[in-house]
Amino acid sequence: MKITRVETFLVPPRWLFCRVETDEGVIGWGEPVVEGRAEVVRAAVDVLAEHLVGQDPLRIEDHWQVMSKGGFYRGGPILSSAVAGLDQALWDIAGKTYGAPVHALLGGPVRDRVRVYAWVGGDEPAQLGEQIAAQVEAGFTAVKMNAAGATSPIPTPAETAAIVARVAAAREALGPDRDVAVDFHGRFTAAGARRVLAELAPLHPLFVEEPVLPEHGRQLAGLVESSPVPLATGERLYGRAEFLPVLAAGIAVAQPDLSHAGGISEVHRIASLAEAYGAQLAPHCPLGPIALAASLQVAFATPNFLIQEQSRGIHYNKDADLLSYLIDPAPFRFVDGHALRGDAPGLGITIDEAAVRAADRTGHAWRNPVWRHPDGSFAEW
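How each quantity is defined
All residue numbers here refer to positions counted from 1 along the written sequence of the relevant chain. Reporting in this predicted model follows two pLDDT cut-offs: at least 70 for local features of residues, and 80 or more for side-chain atom pairs to be given and counted; totals over whole chains, interfaces and linings ignore these cut-offs and use all residues. With hydrogens and water stripped out, all remaining heavy atoms of the structure feed into the side-chain values. Secondary structure elements are defined from DSSP: runs of H or I of at least 4 residues count as helices, runs of E of at least 2 residues count as strands, and each element is numbered from the N terminus. Here the globule rule is a power law, 2.2 Å times the number of residues to the power 0.38, and the radius of gyration is based on C-alpha atoms. Burial here depends on accessible area, computed with a 1.4 Å probe over protein chains only, as a share of the maximum for the residue type. Under 20% is buried, over 50% is exposed, and the range in between is partly exposed. The arc in question is traced by the directions running from the helix axis to the C-beta atoms. By the convention used here, residues are in contact when the closest approach between their heavy atoms is within 4.5 Å. When a carboxyl oxygen of Asp or Glu lies within 4 Å of a side-chain nitrogen of Lys or Arg, that pair is called a salt bridge. We call two strands paired when DSSP finds no fewer than two bridges between them.

- By the naming in an unreviewed UniProt entry, the chain is Galactonate dehydratase, taken from Streptomyces prunicolor.

1. Digging into the overall build of the chain
Here is step 1 of the chain: When you go through the chain residue by residue, the secondary structure sums to twelve helices and 14 strands.
Here is step 2 of the chain: The C-alpha radius of gyration computed for the chain amounts to 20 Å, which stays within 12% of the reference 21 Å derived for 381 residues, consistent with globular compactness.
Here is step 3 of the chain: Taken along the three principal axes of its C-alpha coordinates, the chain extends 65 × 45 × 45 Å.
Here is step 4 of the chain: In the chain, which comprises 381 residues, the proportion classed as buried is 57%.

2. Considerations on helix α2 (residues 60-69)
Here is step 1 of the chain: Listing the buried residues of α2 in full gives I60, H63, W64, M67 and S68. Considered in projection along α2, the buried side chains sweep an arc of 120° and stay on one side of the axis.
Here is step 2 of the chain: Along its buried surface, α2 packs onto α1 (38-52), α3 (77-98), α9 (240-249) and α10 (263-276).

3. Observations regarding the pattern of salt bridges
Here is step 1 of the chain: One pass over the structure, following the stated rule, counts 20 salt bridges.
Here is step 2 of the chain: A salt bridge links R19 to E353, with the nearest nitrogen and oxygen atoms 3.2 Å apart. Taken together, the positions of R19 in strand β2 (residues 15-22) and E353 in helix α12 (residues 353-362) put the pair 334 residues apart, joining distant regions of the chain.
Here is step 3 of the chain: By relative accessible area, which is 7% here, R19 ends up buried.
Here is step 4 of the chain: Under the relative-accessibility criterion, E353 is labelled partly exposed at 27%.
Here is step 5 of the chain: The salt bridge involving E209 is made with K144; its shortest N-O contact spans 2.5 Å. Taken together, the positions of E209 in strand β7 (residues 208-209) and K144 in strand β5 (residues 142-146) put the pair 65 residues apart, joining distant regions of the chain.
Here is step 6 of the chain: For K144, a relative accessible area of 1% translates into the label buried.

4. Digging into the environment of Q55
Here is step 1 of the chain: As for its position among the elements, Q55 is in the loop between α1 and α2.
Here is step 2 of the chain: Take Q55: its relative accessible area is 31%, and that puts it in the partly exposed class.
Here is step 3 of the chain: Note: C-alpha distance between Q55 and T4 (51 residues apart in sequence) is 8.3 Å.
Here is step 4 of the chain: Setting aside anything within four residues of it in sequence, one finds Q55 in contact with M1, K2, I3 and H63.

5. Brief notes about the pairing of strand β4 (residues 113-119)
Here is step 1 of the chain: The buried fraction of β4 is high, at six of seven residues.
Here is step 2 of the chain: Note: β4 against strand β12 (residues 338-340), three bridges, orientation antiparallel. Paired with R115 across the bridge in β12 is H338.
Here is step 3 of the chain: For β4 and strand β11 (residues 308-309), the ladder comprises two bridges, and the chain directions are parallel. Paired with Y117 across the bridge in β11 is E309.

6. Things to note about the environment of G234
Here is step 1 of the chain: Here G234 lies in the loop between β8 (231-233) and α9.
Here is step 2 of the chain: Spatially, the C-alpha atom of G234 lies 27 Å from that of Y325, the residues being 91 residues apart in sequence.
Here is step 3 of the chain: Not counting chain neighbours up to four residues away, the residues in contact with G234 comprise F243, Q255 and P256.

Have a look at this one:
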């Protein structure tokens, strides 16, 4: 079997899909994207396709090595995301070729269902009580919310109080038997994060995500030592080498993204590395159906898995949603806040190719907002 063609599709709301075709008619799908830079990743996929066309798709690890390292310059979100989507597609082809779900090829399932959480509140959290009540009604046992919108690097007493009040409202709506995770989104300095973490501790967040920017990861050890709140990070880390120091710093939860951190191959390795440090895996995934399907395959085969992000109803999905490009939504019908394990081959989903091709004709040019502080200076989004 040989790869004959690699195509990419820029589809709303902000995603990029890739399709890898073989001469035996087996098709694999992947989701190589950096939110806000999809066109750039598309160009990187086109370059990497020069290596793949004409090759055996089942040599997944060899392709990963060549795509990741063969250009001499390596790493970073664009290349790692291009590799990630193509890697997903190759695993999809492998599963379909062998007639098995990807999790079976990763060593077999270690669980029958995967806990998932829902987003509430948007970029600048509001109307939390109503949104959380709706998610509880839908069966979810956990939600995630941003701590705040644009915030002073060291939050004022009023800003701190507002953050705590929002999380307290979420805790009241959820009760003691459900979880809330809080995303700091790298919007605070380490000093600011330390101040807010101390106030949030009595509300028992499941974890606090990106308490500092990834380039300030050296600050994590001090935050871990001073905070009783479990800390998580990883959506802007792109391989094992970048996860090593934050795991050594003592983070509780590693959050690699299956569409950014080298795909199924690399995230499976990151999960094993995290296990060696006693950390849990909670893959980042505010993206589309292929990224989620890949994430779930890893989750079913990962002993130290905690919880899975997913984008049903997320505030970014305005022109399309998680189910818009699927023939059958059954794999993402969550039961009591969990995705159930299936036995369909490959990634376990069937993409509506006609819908994807039609959406690509429209495309998108999604960009994240640029925020500013009241004095006009740049603010982290």
